[in-house]
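The lines below spell out each chain.
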Amino acid sequence: MGYGELESLVERCRARLDACGIERGDRVLVYVEKSPANVLLYLACLSQGAVYVPVNPAYTPMELAAFVEDAGPRLVICDPPRRADVTDLLKDLGSLAMMATLRPDGMVILRTPPAQDSSSVGRRGPVGSDPAAILYTSGTTGAPRGAVLTHRALVANALALCRAWRFRPEDTLIHALPLFHTHGLFVALHCALLSGASILFMSAFDSGAAMRLWRRATVFMGVPTHYTRLLSNPGLSVSVAEGMRLFTCGSAPLLPQTWEDFRLRSGHRIVERYGMTEVGIITSNPYRGERVPGTVGYPLEGVEVRVVGETGAEPGPGVTGELRVRSPGSFSGYLARPAETARVVSADGWVATGDLATLAGDGRVTLVGRSKDVIITGALNVHPSEVEAALNSLPGVVESAVFGAPHPDFGEGVVAAVVWDGDTHPSSARLQKALTERLAGYKIPKRILITEHLPRNAMGKVQKTLLRSRNAGVFTSGPCREEQRERRACRES
């Protein structure tokens, strides 16, 4: 479709939201698969002044409940096959939210009548300081925290990216990212729409399909897992990628070897960048200039960064400290969590990222590690405490410790060390199967290690650093014969 047709369809969807009684400032929680209809709904929410709250469609209804309770949405929208599950969930929670389904043409079908007169009188669109979206990010306790992003913040970050990456109407973007995440919803979508570029929509990433689309495209945005899968495809070559002008990567660290292998195979130097939900994209390697693998480049236009040591002082070039940022793209705070907001955002607007970095004399940023206990697997965040709680609820599990280990495809893989009660023979495959009812697939440990005890320090705290170092190669050796046998037995049962 063209931009004229897009505008017409968005207006139809916006009018439908209006007829459902959705007003400026109302939260709309969206639990749908990636689709063009989802994009129409997102743009319609922005136009109406409603607050778009996307959640991962891979979540189970049990996981969805926490987001419904925290966000307090006026409307929950799901795909038609999920209508019964969501209806039951809202009833069990005692939620006052209306429930609707999303059709492929972007039309919202209401299942519960509005609680008040839905006629719109003197509708006023949103202003820059109004919330546009709430995206959930893992907190230090594992509880979901809703980062509130304003219209002004989203526009500022998107325009800076369009200028940094030279977006233009002649571009065609391959959109292979999810729409519940900053990368796909804000970075990819906004850059294309604000520049008037075309979009080739992929419902899910496939390396062969992506390379076939390169013949019609100019820009590809991906995560490290995408690039490792492209490198594993024998069809990757300089000739296949010759029409492309830009490859970017973010959401998780990209190994320098992956960067170099892709350069040799495709003839392109990936532009690595860095960001976080709370502040959008912070830095990028230059479009014109040296792109150094293993670094995330320089601050975007209007963005300030600094590295702070444990004492709060700036340690100087090349010394590791916590990266802090002040940006016009910064969030306005965590929903209904003023204390947590105050811990992350200083009075003068500096946001503590929780990431460790060094700052070179010329301003180039290199990430060193994370002070937050979060696993990034395939560019998706997993908080260990949530997985541990699910594991510990299973019969036979005494306690567990969940951590990340280097994974050749996903960057990091989720690993669990589990203490078993010894009454029955432990089966990691059966534990994984039992978790499917409690957790989204990407959160389920790819390797479960049965152990007699967890290593602890003098204070009784589990030493996850020791677990990580001991099991750093757990995904390089492949599953043992016993694990393979257990998995076959689990499938057969």
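Located above this text is the structure these notes cover.
Reading guide: rules and limits
Residues numbered from 1 in each chain as written. Predicted model: local features only at pLDDT ≥ 70, side-chain atom pairs only at ≥ 80, totals over all residues. Heavy atoms only, no water. Pairing = 2+ DSSP bridges. Helix = DSSP H or I, 4+ residues; strand = E, 2+ residues; numbered from the N terminus. Contact = heavy atoms within 4.5 Å. Axes fitted to C-alpha atoms, helices over the stretch in contact; angles between N-to-C directions. Core = buried A, V, L, I, M, F, W, Y, C linked by side-chain atoms within 4.5 Å. Buried < 20%, exposed > 50% of the residue type's maximum accessible area, 1.4 Å probe, protein only. 1 Å grid on protein atoms, 1.4 Å probe; cavity = no way out; pocket = protein on both sides within 12 Å on 5 of 7 lines; lining within 4 Å. Points joined across faces, edges and corners; volume = space filled by probe spheres on them. Nonpolar A, V, L, I, M, F, W, Y, C, P; charged D, E, K, R; others polar. Parallel < 35°, antiparallel > 145°, perpendicular 65-115°, else oblique. Left-handed = near helix turned anticlockwise from the far one by under 90°. Phe/Tyr/Trp six-rings, centres within 6.5 Å; stacked < 30°, edge-to-face > 60°. Lys NZ or Arg CZ within 6 Å of the ring centre and 35° of its normal. Right-handed = clockwise from strand over helix to strand, strands pointing away. Salt bridge = Lys/Arg side-chain N within 4 Å of Asp/Glu carboxyl O.

### A few points about the sheet that holds strand 9 (residues 198–201)
Whenever strands of a sheet pair, they do so through backbone hydrogen bonds, lying parallel or antiparallel.
Point 1. Read from one edge to the other, the open sheet built from seven strands follows the order 9-8-10-11-12-13-14, with strand pairing classed as mixed. A single partner strand is all that each edge strand has here, and the edge strands are strand 9 and strand 14 (298–299).
Point 2. Strand direction decides the pairing type here: strand 13 (residues 280–284) and strand 14, joined by two bridges, are antiparallel. Across the sheet, residue Ser284 finds its bridge partner in strand 14, namely Tyr298.
Point 3. Lying over the sheet, helix 8 (residues 224–231) contacts strand 10 (219–222) and strand 11 (246–249), oriented at roughly 115° with respect to strand 10.

### Section: the nonpolar core
When a protein is soluble and globular, its nonpolar side chains tend to lie buried together.
Point 1. Judged by nonpolar contacts, the single largest core of 74 residues is most densely connected at Leu41, Tyr42, Ile77, Val108 and Met221.
Point 2. Top element by residues in this core is helix 2 (residues 36–48). It accounts for nine residues.
Point 3. Excluding residues that lie within four positions of it along the chain, Met221 makes contacts with Trp165, Phe167, Leu173, Ile174, Leu177, His183, Val187, Ala188, Cys191, His226 and Thr248.
Point 4. Leu90, Val387, Trp420 and Leu435 belong to the second-largest nonpolar core, a separate cluster that totals 43 residues.

### Quick look at the environment of Arg306
Point 1. Tracing the sequence through the fold places Arg306 in strand 15 (residues 304–308).
Point 2. Residues Arg306 and Val365, spaced 59 residues apart in sequence, show a C-alpha to C-alpha distance of 9.4 Å.
Point 3. Those residues in contact with Arg306, other than ones at most four positions away along the chain, are Glu314, Glu322, Leu323, Arg324, Trp350 and Leu359.

### Focus: the layout of surface pockets
Point 1. Taken as a whole, the second largest pocket spans an internal volume of roughly 740 Å³.
Point 2. If you list the elements that add at least two residues to the lining of the second largest pocket, you get strand 2 (51–54) and helix 8.
Point 3. Top contributing element to the lining of the second largest pocket by residue count: helix 8, with three residues.
Point 4. For the lining of the second largest pocket, the residue count by class is 21 nonpolar, 11 polar and four charged.

### Some thoughts on the sheet that holds strand 19 (residues 365–370)
Point 1. Reading across from one edge, 15-16-18-19 is the order of the four strands in this open sheet, with antiparallel pairing throughout. One side of each edge strand has no neighbouring strand; the edge strands of this open sheet are strand 15 and strand 19. If you compare each strand with its neighbour and ignore which way they point, the axes differ by 50° on average.
Point 2. In this sheet, strand 18 (residues 351–359) lies alongside strand 16 (residues 321–326) in antiparallel orientation, the contact comprising four bridges. By the bridge assignment for strand 18, Gly321 is matched with Ala357.

### Section: the packing of helix 3 (residues 61–71) against helix 4 (residues 83–93)
In helix packing, the relevant descriptors are the interaxial angle and the interaxial distance, both defined with respect to the helix axes.
Point 1. Taken N-terminus to C-terminus, the directions of helix 3 and helix 4 make an angle of 50°; their axes are 10 Å apart at the nearest point. Our classification of the angle between helix 3 and helix 4 gives oblique. Here helix 3 runs over helix 4; the crossing is right-handed. Along the contact surface, helix 3 presents Pro61, Leu64, Ala65, Val68 and Glu69, while helix 4 presents Asp85, Val86, Leu89, Leu90 and Leu93.
Point 2. The residue inventory of the contact of helix 3 with helix 4, partitioned by class, reads eight nonpolar, no polar and two charged.

### Some words on the packing of aromatic side chains
Point 1. Counting across every chain of the model gives 10 aromatic pairs.
Point 2. Ring geometry for Tyr42 versus Tyr52: centroids 4.9 Å apart, planes at 70°, classification edge-to-face. In this pair, Tyr42 is assigned in helix 2 and Tyr52 in strand 2, connecting sequence segments 10 residues apart.
Point 3. According to the relative accessible area criterion, Tyr52 is buried, its value standing at 1%.
Point 4. Judged by centre distance (4.9 Å) and plane angle (65°), the ring pair of Phe331 and Tyr334 falls under edge-to-face.
Point 5. Counting every residue linked through ring pairs, the aromatic cluster contains Phe205, Trp214, Phe220, Tyr227, Phe247 and Phe262.
Point 6. Taking the ring centre of Phe201 as reference, the NZ or CZ of Lys34 above it sits at 4.8 Å.

### Some points on the pairing of strand 8 (residues 172–175)
Point 1. A two-sided burial pattern is seen for strand 8, the buried positions comprising Thr172 and Ile174 on one face and Leu173 and His175 on the other.
Point 2. In this sheet, strand 9 lies alongside strand 8 in parallel orientation, the contact comprising four bridges. Following the sheet pairing, His175 is matched in strand 9 by Phe201.
Point 3. With helix 6 (residues 182–195) bridging strand 8 and the parallel strand 9, this β-α-β connection has right-handed handedness.
Point 4. In this sheet, strand 10 lies alongside strand 8 in parallel orientation, the contact comprising two bridges. Counterpart to Leu173 in the pairing with strand 10 is Val219.

### A few points about the pattern of salt bridges
Point 1. This structure, assessed with the given rule, holds 20 salt bridges.
Point 2. Across the pair Asp171 and Arg245 runs a salt bridge, and its minimum N-O distance is 2.8 Å. Of the two residues, Asp171 sits in the loop between helix 5 (151–164) and strand 8 while Arg245 sits in the loop between helix 8 and strand 11, which places them 74 residues apart along the sequence.
Point 3. Where Glu388 meets Lys464, a salt bridge forms, and the shortest distance between an N and an O atom there is 2.7 Å. Here Glu388 is found in helix 11 (residues 384–392), whereas its partner Lys464 is found in helix 13 (residues 464–470), with 76 residues between them in sequence. The same class applies to Glu388 as to Lys464, namely buried.
Point 4. Residues joined in a network through salt bridges with shared partners are Asp70, Arg145, Glu278, Arg337 and Glu340.

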